[in-house]
Amino acid sequence: MSGATALEAQPAASSSSSAQKGLRQSFTWWSFSNRGGVSAEALLRGAAEIGYKGVELLDEALWPVAKEYGLQITTEKGHGTIESGLNRQENRMRIVDELHERIARAKEWEIPILICFSGNRAEDLSDSAGLETSAETLRLIAPAAEAAGVILAVELLNSRLDHKGYQCDHTEWGVALCDKAGSPSVKLLYDIYHMQIMEGDLIRTIQKHHSSIAHYHTAGNPGRGHPDLKQEIYYPAIYRAIAKTGYTGFIGQEFFPEGNPLEALRLAYDDCAEALG
């Protein structure tokens, strides 16, 4: 995702090596808000001062505040729910209706990505059948997304720990879904934490399938903590591998901070910028 519609953020207080490489950083509201006694406005203002260019999955009431501080609303949920998603025919028209509404809102607010979910497996739903049903649903809505300049990014999640039974839990399945959907507006959200749990081999997978990936999320494993050198994923190499693919979108920090959320955001921002410097 080129992010060509992104608004310019305010000058960063930290060094912005990542921006010089074409990458921008965002953060997920759900994992950083309501922590450490930091108010919503202070968190948005502070993140912009650090150098963040986007905020994800933000409460809609705060969208104008984010814009005021130069933060693009980078992602928004496209439809409900994670468990009951694209892979069930009985969900099709509900999801299509939800996506039509949210595509219109995304165009209005210059939100480049709507996150979509495969839904869970079931005894009567094989991986191949779920794949075909999901692709059929996405083909119905993809023209509207294309016309609006919005990406429908199906999220890769782990089905071992956090989202047991989730069907889009391997990159190859997700890539096959994108291929079957046959639209430039259907891509993947590659969550590094989730795919470490399911597959490992992160860099080689990114190199092979980067053309199908519209967005990235981070977190340390195990525990979904800070993506630093105290956990098993070596993020500096991953940041560099993503940059080498020519990706110019956002890397979304989606971890649980310890202590002050702004300090955690600053550390994560600087670690990424240093890796790309």
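> Could you clarify how one ought to interpret the environment of Val38 in this entry?
If you trace the backbone, Val38 turns up in the loop between helix H2 (29-32) and helix H3 (40-50). C-alpha of Val38 to C-alpha of Pro261: the two residues are 223 residues apart in sequence and 7.6 Å apart in space. If sequence neighbours within four positions are ignored, Val38 has contacts with Leu43, Asn260, Pro261 and Leu262.

> How should I be thinking about the pattern of salt bridges in this particular structure?
Any two side chains of opposite charge can pair, so long as their charged atoms come close to each other. Per the counting criterion, the structure on display carries 14 salt bridges. When the shortest N-O distance is used, the salt bridge between Arg121 and Asp127 registers 2.9 Å. A salt bridge links Asp201 to Arg204, with the shortest nitrogen-to-oxygen separation between them at 3.1 Å. Under the relative-accessibility criterion, Asp201 is labelled partly exposed at 42%. According to the relative accessible area criterion, Arg204 is exposed, its value standing at 57%.

> Can you walk me through the packing of helix H6 (residues 127-148) against helix H7 (residues 171-181) in this structure?
Helix packing for two helices is described by the angle between their axes and how far apart those axes are. Taken N-terminus to C-terminus, the directions of H6 and H7 make an angle of 40 degrees; their axes are 8 Å apart at the nearest point. It follows from the interaxial angle that H6 and H7 lie oblique. In terms of crossing hand, the pair formed by H6 and H7 is right-handed. Residue-level contacts link Asp127, Gly130, Leu131, Glu132, Ser134, Ala135, Leu138 and Arg139 of H6 to Trp173, Ala176, Leu177, Lys180 and Ala181 of H7. Within the contact of H6 with H7, the residues separate by chemical class into seven nonpolar, two polar and four charged.

> What exactly am I supposed to notice about helix H10 (residues 235-244) here?
Because an α-helix completes one turn every 3.6 residues, residues spaced three or four positions apart along the sequence face the same direction. Along H10, the residues that are buried comprise Tyr235, Pro236, Ile238, Tyr239, Ala241 and Ile242. Tucked inside the fold, the buried residues of H10 contact helix H8 (192-198), helix H9 (202-209), strand S7 (213-218), strand S8 (250-253) and helix H11 (261-276).

> I keep staring at the packing of aromatic side chains and nothing clicks. Help me out?
Geometrically, a pair of aromatic rings is defined through the distance of the ring centres and the angle of the planes. Per the counting criterion, the structure on display carries 10 aromatic pairs. Ring geometry for Trp30 versus Phe256: centroids 5.4 Å apart, planes at 90 degrees, classification edge-to-face. Of this pair, Trp30 sits in helix H2 while Phe256 sits in the loop between S8 and H11, and the two are 226 residues apart along the sequence. Geometrically, the ring pair formed by Tyr216 and Tyr247 is edge-to-face, given 5.0 Å between the ring centres and 85 degrees between the ring planes. With Tyr216 in strand S7 and Tyr247 in the loop between H10 and S8, the pair connects residues that are 31 residues apart, well separated along the chain. Tyr216 sits in the buried class, given a relative accessible area of 0%.

> Can you help me understand the confidence of the model for the protein in this one?
One rule of thumb: low pLDDT means the predicted coordinates there are not for detailed reading. A residue-level look at the protein finds 92% of positions with pLDDT of 70 or above and a mean pLDDT of 93. A low-confidence stretch, residues 1-20 (pLDDT under 50), is modelled with 52 contacts involving residues beyond four sequence positions or located in other chains.

> Just checking my understanding: could you explain the packing of H9 against H10 for this structure?
Packing of H9 against H10 leaves a shortest axis separation of 10 Å and a crossing angle of 10 degrees. If you check the angle between H9 and H10, you find them roughly parallel. Facing Leu202, Ile203 and Ile206 of H9, the residues of H10 in contact are Ala237, Ile238, Ala241 and Ile242. Here the residues of the contact of H9 with H10 are counted per class, giving seven nonpolar, no polar and no charged.

> Looking at this model, I keep getting lost on the side chain of Arg24. Mind explaining?
With respect to the helices, strands and loops of the structure, Arg24 is situated in strand S1 (residues 24-28). Here Thr248 takes part through its backbone oxygen, which lies 2.8 Å from a polar atom of the side chain of Arg24.

> Is there a simple way to think about unusual backbone geometry in this case?
Excluding glycine, residues mostly carry a negative phi; peptide bonds, for their part, are mostly trans. With an omega of -5 degrees, the peptide bond between Gly80 and Thr81 qualifies as cis. Tracing the chain through its elements places Thr81 in the loop between strand S3 (72-77) and helix H5 (92-109). For the peptide bond that leads from Asn221 to Pro222, omega is 0 degrees, which places it in the cis range. In this structure, Pro222 sits in the loop between S7 and H10. One non-glycine residue, Asn34, lies in positive phi territory at about 60 degrees. Residue position: Asn34 is located in the loop between H2 and H3.

The rules behind each value
- Residues numbered from 1 in each chain as written.
- Predicted model: local features only at pLDDT ≥ 70, side-chain atom pairs only at ≥ 80, totals over all residues.
- Heavy atoms only, no water.
- Helix = DSSP H or I, 4+ residues; strand = E, 2+ residues; numbered from the N terminus.
- Contact = heavy atoms within 4.5 Å.
- Salt bridge = Lys/Arg side-chain N within 4 Å of Asp/Glu carboxyl O.
- Buried < 20%, exposed > 50% of the residue type's maximum accessible area, 1.4 Å probe, protein only.
- Axes fitted to C-alpha atoms, helices over the stretch in contact; angles between N-to-C directions.
- Parallel < 35°, antiparallel > 145°, perpendicular 65-115°, else oblique.
- Left-handed = near helix turned anticlockwise from the far one by under 90°.
- Nonpolar A, V, L, I, M, F, W, Y, C, P; charged D, E, K, R; others polar.
- Phe/Tyr/Trp six-rings, centres within 6.5 Å; stacked < 30°, edge-to-face > 60°.
- pLDDT = per-residue confidence, 0-100.
- Polar contact = N/O pair within 3.5 Å; in protein donor to acceptor, adjacent residues only side chain to side chain.

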